[in-house]
Number of protein chains: 4
Amino acid sequence: MTKLKLGVIGTGRIGKVHIATLVQSVPDAEVVAVADINIEGAKILAAQFGISFVTPDYKNVINHPEVDAVVICSPTDTHAKYIVEAAQAGKHIFCEKPVDLSLAVIRNAIDEVEKAGVKLMVGFNRRFDPNFKKVHDMVKAGKVGEPNILKITSRDPAPPPAEYVAVSGGMFLDMTIHDFDMARYIVGSEVTEVYVKAAVLVDPAIGEAGDVDTAIITLTFENGAIGVIDNSRKAVYGYDQRVEIFGSKGMVSADNNFPDNHRYFSSEGIQGSLPLNFFMDRYLDAYSTELKAFCDAVIHDKPVPVGGQDGLLSVAIGLAAKKSVAEGRPVKLNEIR
Amino acid sequence: MTKLKLGVIGTGRIGKVHIATLVQSVPDAEVVAVADINIEGAKILAAQFGISFVTPDYKNVINHPEVDAVVICSPTDTHAKYIVEAAQAGKHIFCEKPVDLSLAVIRNAIDEVEKAGVKLMVGFNRRFDPNFKKVHDMVKAGKVGEPNILKITSRDPAPPPAEYVAVSGGMFLDMTIHDFDMARYIVGSEVTEVYVKAAVLVDPAIGEAGDVDTAIITLTFENGAIGVIDNSRKAVYGYDQRVEIFGSKGMVSADNNFPDNHRYFSSEGIQGSLPLNFFMDRYLDAYSTELKAFCDAVIHDKPVPVGGQDGLLSVAIGLAAKKSVAEGRPVKLNEIR
Amino acid sequence: MTKLKLGVIGTGRIGKVHIATLVQSVPDAEVVAVADINIEGAKILAAQFGISFVTPDYKNVINHPEVDAVVICSPTDTHAKYIVEAAQAGKHIFCEKPVDLSLAVIRNAIDEVEKAGVKLMVGFNRRFDPNFKKVHDMVKAGKVGEPNILKITSRDPAPPPAEYVAVSGGMFLDMTIHDFDMARYIVGSEVTEVYVKAAVLVDPAIGEAGDVDTAIITLTFENGAIGVIDNSRKAVYGYDQRVEIFGSKGMVSADNNFPDNHRYFSSEGIQGSLPLNFFMDRYLDAYSTELKAFCDAVIHDKPVPVGGQDGLLSVAIGLAAKKSVAEGRPVKLNEIR
Amino acid sequence: MTKLKLGVIGTGRIGKVHIATLVQSVPDAEVVAVADINIEGAKILAAQFGISFVTPDYKNVINHPEVDAVVICSPTDTHAKYIVEAAQAGKHIFCEKPVDLSLAVIRNAIDEVEKAGVKLMVGFNRRFDPNFKKVHDMVKAGKVGEPNILKITSRDPAPPPAEYVAVSGGMFLDMTIHDFDMARYIVGSEVTEVYVKAAVLVDPAIGEAGDVDTAIITLTFENGAIGVIDNSRKAVYGYDQRVEIFGSKGMVSADNNFPDNHRYFSSEGIQGSLPLNFFMDRYLDAYSTELKAFCDAVIHDKPVPVGGQDGLLSVAIGLAAKKSVAEGRPVKLNEIR
């Protein structure tokens, strides 16, 4: 089997993670080209990982004759444009989430992908986390019976700068979007209604930027199940990512991951380590499993595990969540376009 | 110090628990009279616990010259009436929850209690559970900083008969009412708004009786915190009672209680015991602590830890929850009368 | 069924526990007589629990015509003597451990009990702890297959005064004796050899009094299993009582008990409560289950769950342990008389 | 900084692990040569990891002009010989444990290493496990005060073939040797005496081959602490590697690692995943940390974290353990040569 040759667009935080992962942990992959307008940073990275072709222009990656597939790690507002161009060039595509903040734009990108007959996978890495995957698999195997109640706790260790939330689309589209995808993934049914109670309890500047930093989000699913996501932009004890699904035959839960499992017993009490504090530590394995799955789907012409529709629907739920906050009422998904 | 002499009205399930608890575990208490229209059952109980005065008529307990305080364990629709009569007779009162399903009726009972200058304590036993009390105490001591998110999971091991829900006032007033009180107790602030997403996923007969059996309830508090309660009438793995409070300085959680703490490691996996399955097992200690607190408040003329207003407010939140389900929208507490 | 009428000899710490337990938690029991040379303390206790007959002379309890059974809670050096006299008076006997420090004296007491045809139960209360009982029951049900390795951790929260160890027979006979009984109970086989590595690491005064305060004790069992007990007189984090049994089909373990199950997550780490710190808290339920079992055995003429041989063998293992420390070598049980 | 150029001798199970780790996870390392008498296997491995020089003769690796350091992964009986030759060739050495089964041979190898002024590190990978390292670091930081009791549980998921134990030196030298090193590492003091109670409970063929498969090993340390290791060749629930250290100020423990942290609650009980079943899964991170530490020590001329004396002492304890079993008595370390 020949290796899949990939070109990476964007060498910011997540671009670096993906390049390192592809080079070190995905034997079927070879990174042959990399693009970033910040050409100096890209050059350093390319040298470090032995990538020979470096360019400031993403077009040179898309059109590079050796490139079989592109990995899009550039800012959100470029995602859809690059997807369309890559599809038109006949390249397979792995794109970071969210695909775009506009459903129309996403739909157009999906159309172009389908027209070109290439594969598009969206980077919902948490589906490849061993804990969440285990919960999903057990639900799918019928271990909880009919799902009744889903609970997701998702809290970040520290809030982003207020400037960021203005361009990110806000908490529901930059952070909760992962939880919306996880909700669909675990329950195995589509969300039909969203109600959000949100607040600004972490940083007033976030409120002034027009966003919220704390929320309780009620979801209704097509199969009758109901669910709740609780979010905070700041958990002082670290990155808090838990899930629980309760049904007619039982419950499955997944706790956080920890750097070690020591326990210390002193006269003061019993103490243990805090959860892994950074999303790249928590989801390290998930990133490599995700990229392996993408390469595997392309090489063996199998369906990608997270497709364009998944990218579209998570954004749709995020838009419904924003509307619910704005109007103070439950919002049906079919109200969103 | 002389003992507090008590008369118990109602010898059903909870009446029996309270009598046994008072006799065996509350050294300051003496049960001197007991009433139940089912006089045969009452006589057996009285003989078992050495109580000399048994009557089918609750009035004989209220007016018994030796009785200092009455413990009302009769059906809900009699609670307010007996409170009023006991107050007028100058007796202190411990009353099971809910006080009544009508706010007006409860307000009237509270008025009479205040007029009479007697004490009224409402039986929210979970406040005396060592786990929930620990969480409350840590919040109060500032350990979590400003409360941001409250999470209560409260699931029963088995649903009540559908006939019961018709007279009980429904899930929010017979079951969730405990969680509403717990929410106020732990957050230390009043609920201002309720939104409920409810479903019938356990037993269609409950739906036919006009009630729900599964719910996710979003609460807004006066201090800015938000909270969520999830309820089910049927958890196949047993009685599930957990709480978690997240704030600016940390999080405190309390897990279920278990009959033992063994773990079994075999080639099949790791197994442990299910949570205590019955509310009387789970809250055994809470019942005696609760009654000790009542006796202590009366004997030493101290404020009761759970008063008439607590009884009133939990019902008000329950009524708001019902309205939210009926109208499919968030309901402000000040809409409720 | 008539109640079993008991007389209690000795109203020190454990005597008080047993009287309170019998009165409050054992419906089949009635304490009708109590003896202590410290007559003032005994009178206060008798008044508190409504016991009419109080005497400074144990003989008056043994010979009291209403007494069916005696509960011996006096100092160790009186146990055997009182057992013999009670047996000769035709009374059933519950005796605290150890029965005596001399095997010959214990054997003589057992002989007299057998001659008299009365029942003798020895107070190894830990057998009635729900955790240890669960482990025992699972071993007996074959869940671990053939037992291979037993591990008992048994550490006290604080050392006794050095004067105490001089008269108690030392750590192996006043503290580890419980673990020796637990080892036999869980493995379900007799100990054939003991090797002890001991040290004085907690309090030099204990060493000066001729005893040790820290030990690792290796046990060999008749069925081929091997085991280890680790002891310390002082665990700063509280009373530490754990067990683990490993076999051909799996492992069962039991952890400590805790006053509550809260967990606190702050920026400093995750914290929980320390184990229950006092043996009476940890084994509260065990004491009442134990006395119920005794009353049940007497009333229904069933074998007692912990008999004279159990009392004898735990002392024999303790004496072997002392010999092993003295001689620095493994000691066979059949070397002990 | 230039990379450290390494030659690997032996491409069996552990050789493969080390090569993959060096290539993928140690940025400072470059594997330039590899030797194995099984030249075909070595060639495949070399091709897979892009290593250009492959030879059947270990001498060609030791004498390769580019090789700065050799990694010895060949059978135990060649370790010392290769160490000596590599030292004489002026190459730094990483050698798998045990260095040899003879103390005299190990001493000679250490002498040659010292004479040559090269570095020798012994592969006690568990010291680099995040859990055990945390326990070690907390002890060193004084968190447990004076160490009193060390407990190590170390059980393999499946026994080796009986033929293996004949050449491996037996359980104490092929398996427990890791625990002996761990004991010294965690307590921070030398072992002065060993007593072993051993049995053949897993596989009679192991007994026929002259070895044991189950053991309880009591250790005495120079600083006064005592310790116990329990071993089994077969734990049906997987690889069981735990440690606990108890001292005057508290206790630190480390539990096993698990593939995920899900919990499943059904009417049958609560279940979770078994521990990681294979030593390469459990110690994956430890292998890369270990090799990074070696490369770092060589490149920056720092002391290696696990040296020749560590290799010598763990074998000495193993020989004392064998003698203790043979003679049925505690054996002082100074009896071993």
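Draft legend 1. The overall build of chain A, seen in detail. A count of helical and extended segments in chain A gives 13 helices and 15 strands. Taken against the 2.2 N^0.38 rule, which gives 20 Å for 337 residues, the C-alpha radius of gyration of chain A at 20 Å falls within 12% of a compact globule. Oriented by its inertia axes, the alpha-carbon framework of chain A measures out at about 55 × 55 × 45 Å. Within chain A, buried positions represent 63% of all 337 residues. A sequence separation of at least 24 residues applies to 71% of the contacts in chain A between residues at least 6 apart. Approximately 12,200 Å² of chain A is accessible, and the part contributed by carbon and sulfur atoms is 52%. The averaged location of the 43 negative side-chain charges in chain A is 3 Å from the averaged location of its 35 positive side-chain charges.

Draft legend 2. Spotlight on the pairing of strand β14 (residues 269-272) of chain C. Here strand β14 (residues 269-272) of chain A pairs with β14(C) via 3 bridges, running antiparallel. If you follow Ile270(A) over to β14(C), its bridge partner there is Gly272(C). Sheet analysis places strand β13 (residues 262-266) of chain C next to β14(C), joined by 4 bridges and oriented antiparallel. In the strand pairing of β14(C), Tyr264(C) is matched with Gln271(C). Between β13(C) and β14(C), which pair antiparallel in sequence order, lie 2 residues.

Draft legend 3. Examining the sheet that holds strand β5 (residues 92-95) of chain D more closely. Residue and element names in this part refer to chain D. With parallel pairing, 6 strands are arranged side by side in an open sheet as β3-β2-β1-β4-β5-β6. On the outer flanks of this sheet lie β3 (53-55) and β6 (120-122), each paired with one strand and no other. Between one strand and the next, the sheet's axes are offset by a mean angle of 25°, whatever the strand orientation.

Draft legend 4. View of the sheet that holds strand β3 (residues 53-55) of chain C. Residue and element names in this part refer to chain C. The strand order β3-β2-β1-β4-β5-β6 describes an open sheet built from 6 strands, whose pairing is parallel. Bordering the open sheet on either side are β3 and β6 (120-122), each of which pairs with just one other strand. Strand after strand, the sheet turns through a mean of 25° between neighbouring axes, direction not considered. Of the strand pairs in this sheet, strand β1 (residues 4-9) and strand β4 (residues 69-72) are connected by 4 bridges, and their pairing is parallel. Each bridged residue has a counterpart across the sheet, and for Gly7 the counterpart in β4 is Val70. Where helix α4 (residues 76-88) meets the sheet, it contacts β1, β4, β5 (92-95) and β6, and its direction lies at approximately 165° from that of β5.

Draft legend 5. Quick look at the interface of chain B and chain C. Contact with chain B, which involves 24 residues of that partner, is made by 24 residues of chain C. Connecting chain B to chain C are 14 residue pairs in polar contact (both at pLDDT 80 or more). Mapped by element, the contributors of at least two residues to the side of chain B that touches chain C are α6 (130-140), β12 (250-254) and β13 (262-266) of chain B. Across the side of chain B that touches chain C, the residue classes tally to 8 nonpolar, 10 polar and 6 charged. Sheet topology note: the β13(B)/strand β12 (residues 250-254) of chain C ladder contains 5 bridges and is antiparallel. Counted as the bridge partner of Ser266(B) is Gly250(C) from β12(C).

Draft legend 6. Focus on the relation of the copies chain B and chain C. Expressed as a screw transformation, the operator carrying chain B onto chain C has a rotation angle of 180° and an axial translation of 0.0 Å, and the superposed copies differ by an RMSD of 0.0 Å. The superposition of one copy onto the other is thereby described by a two-fold rotation axis. For chain B, the minimum C-alpha distance to the rotation axis belongs to Gln24(B) and amounts to 2.8 Å. Mapped onto chain C, 100% of the interface residues of chain B again fall at the interface, so both copies present the same surface.

Draft legend 7. Quick look at the interface of chain A and chain B. Taken residue by residue, the interface counts 38 residues in chain A and 38 residues in chain B. When chain A packs against chain B, the two sides together hide about 2,900 Å² of surface, and 67% of this comes from carbon and sulfur. At the boundary of chain A and chain B, one finds 8 salt bridges. A salt bridge links Arg242(A) to Glu244(B); the shortest N-O distance between them is 2.9 Å.

Draft legend 8. View of the packing of aromatic side chains. Tallied over the entire structure, the rule returns 26 aromatic pairs over all chains. Here Tyr239(B) and Tyr283(B) contribute two aromatic rings whose centre-to-centre distance is 6.0 Å and whose plane-to-plane angle is 90°, an arrangement assigned as edge-to-face. A residue pair is termed long-range when its members are at least 10 positions apart, and Tyr239(B) in the loop between β10 (226-232) and β11 (240-247) and Tyr283(B) in the loop between α11 (279-282) and α12 (284-299) qualify at 44 residues. On the basis of relative accessible area, Tyr239(B) is assigned to the buried category, the value being 5%. Measuring from centroid to centroid gives 6.4 Å for Phe132(C) and Tyr283(C), while their planes differ by 40°, and the two rings are tilted. With Phe132(C) in helix α6 (residues 130-140) and Tyr283(C) in the loop between α11 (279-282) and α12 (284-299), this pair connects stretches of sequence that are 151 residues apart. The buried category is assigned to Tyr283(C), whose relative accessible area is 1%. Clustering of aromatic rings is evident, with ring pairs tying together Phe132(A), Tyr239(A) and Tyr283(A). The aromatic ring of Phe246(B) is capped on one face by Arg155(A), whose charged end is 4.3 Å from the ring centroid.

Draft legend 9. Structural detail: the packing of helix α5 (residues 103-116) of chain D against helix α13 (residues 308-327) of chain D. All names here are of chain D. Look at α5 against α13: their axes get within 10 Å of each other, and the N-to-C directions meet at 175°. Between α5 and α13, the angle is such that the two are roughly antiparallel. Facing α5, whose interface residues are Leu103, Ile106, Arg107 and Ile110, α13 presents Gly308, Gln309, Gly311, Leu312, Val315, Ala316 and Leu319. Split into classes, the residues belonging to the contact of α5 with α13 amount to 7 nonpolar, 3 polar and 1 charged.

Draft legend 10. Broad picture of the relation of the copies chain A and chain B. Here chain A sits on chain B after a turn of 180° about the axis and a move of 0.0 Å along it, with an RMSD of 0.0 Å. Same-surface contact between copies: 100% of interface residues of chain A are shared with the interface of chain B.

Draft legend 11. Geometry of the environment of Cys295(C). All names here are of chain C. When you line up the elements, Cys295 lands in helix α12. On the basis of relative accessibility, which here comes to 1%, the residue Cys295 falls in the buried class. The sequence separation of Cys295 and Val26 amounts to 269 residues, and the corresponding C-alpha distance is 8.4 Å. When neighbours within four sequence positions are excluded, Cys295 is seen to be in contact with Leu4, Leu6, Leu22, Val26 and Ala29.

Draft legend 12. Highlighting the pattern of salt bridges. Considering all chains together, one arrives at 108 salt bridges over all chains under this definition. Linking Arg233(A) and Asp174(A) is a salt bridge whose minimum nitrogen-to-oxygen distance equals 3.0 Å. On the criterion of sequence distance, the pair formed by Arg233(A) in the loop between β10 (226-232) and β11 (240-247) and Asp174(A) in helix α8 (residues 171-174) is long-range, its members being 59 residues apart. When sorted by exposure, Arg233(A) lands in the same class as Asp174(A), which is buried. Put simply, Arg233(A) and Asp211(A) hold a salt bridge, and the shortest N to O gap is 3.7 Å. Taken together, the positions of Arg233(A) in the loop between β10 and β11 and Asp211(A) in the loop between α10 (204-208) and β9 (214-221) put the pair 22 residues apart, joining distant regions of the chain. Taken together, the shared-partner salt bridges in this structure form one network comprising Lys151(A), Glu244(A), Arg155(B), Asp230(B), Asp240(B) and Arg242(B).

Draft legend 13. Expanded view of the side chain of Glu96(A). All names here are of chain A. Looking at where Glu96 falls in the secondary structure, it is placed in the loop between β5 (92-95) and α5 (103-116). One buried charge, Glu96, has no salt-bridge partner; the nearest side chain with opposite charge is Lys97, at 5.7 Å. Not counting residues up to four positions away in its chain, the partners in contact with Glu96 are Ile14, His18, Ile72, Cys73, His79 and Gly123.

The rules behind the values
- Residues numbered from 1 in each chain as written.
- Chains lettered and ligands numbered in written order.
- Predicted model: local features only at pLDDT ≥ 70, side-chain atom pairs only at ≥ 80, totals over all residues.
- Heavy atoms only, no water.
- Helix = DSSP H or I, 4+ residues; strand = E, 2+ residues; numbered from the N terminus.
- Rg over C-alpha atoms; globule rule 2.2 N^0.38 Å.
- Buried < 20%, exposed > 50% of the residue type's maximum accessible area, 1.4 Å probe, protein only.
- Contact = heavy atoms within 4.5 Å.
- Areas by Shrake-Rupley, 256 points an atom, 1.4 Å probe, with all protein chains shown as cover.
- Lys, Arg positive; Asp, Glu negative; His and termini not counted.
- Charge placed at Lys NZ, Arg CZ, Asp CG, Glu CD.
- Pairing = 2+ DSSP bridges.
- Axes fitted to C-alpha atoms, helices over the stretch in contact; angles between N-to-C directions.
- Polar contact = N/O pair within 3.5 Å; in protein donor to acceptor, adjacent residues only side chain to side chain.
- Nonpolar A, V, L, I, M, F, W, Y, C, P; charged D, E, K, R; others polar.
- Least-squares fit on C-alpha atoms with pLDDT ≥ 70 in both.
- Buried area = accessible area lost by both parts, 1.4 Å probe.
- Salt bridge = Lys/Arg side-chain N within 4 Å of Asp/Glu carboxyl O.
- Phe/Tyr/Trp six-rings, centres within 6.5 Å; stacked < 30°, edge-to-face > 60°.
- Lys NZ or Arg CZ within 6 Å of the ring centre and 35° of its normal.
- Parallel < 35°, antiparallel > 145°, perpendicular 65-115°, else oblique.

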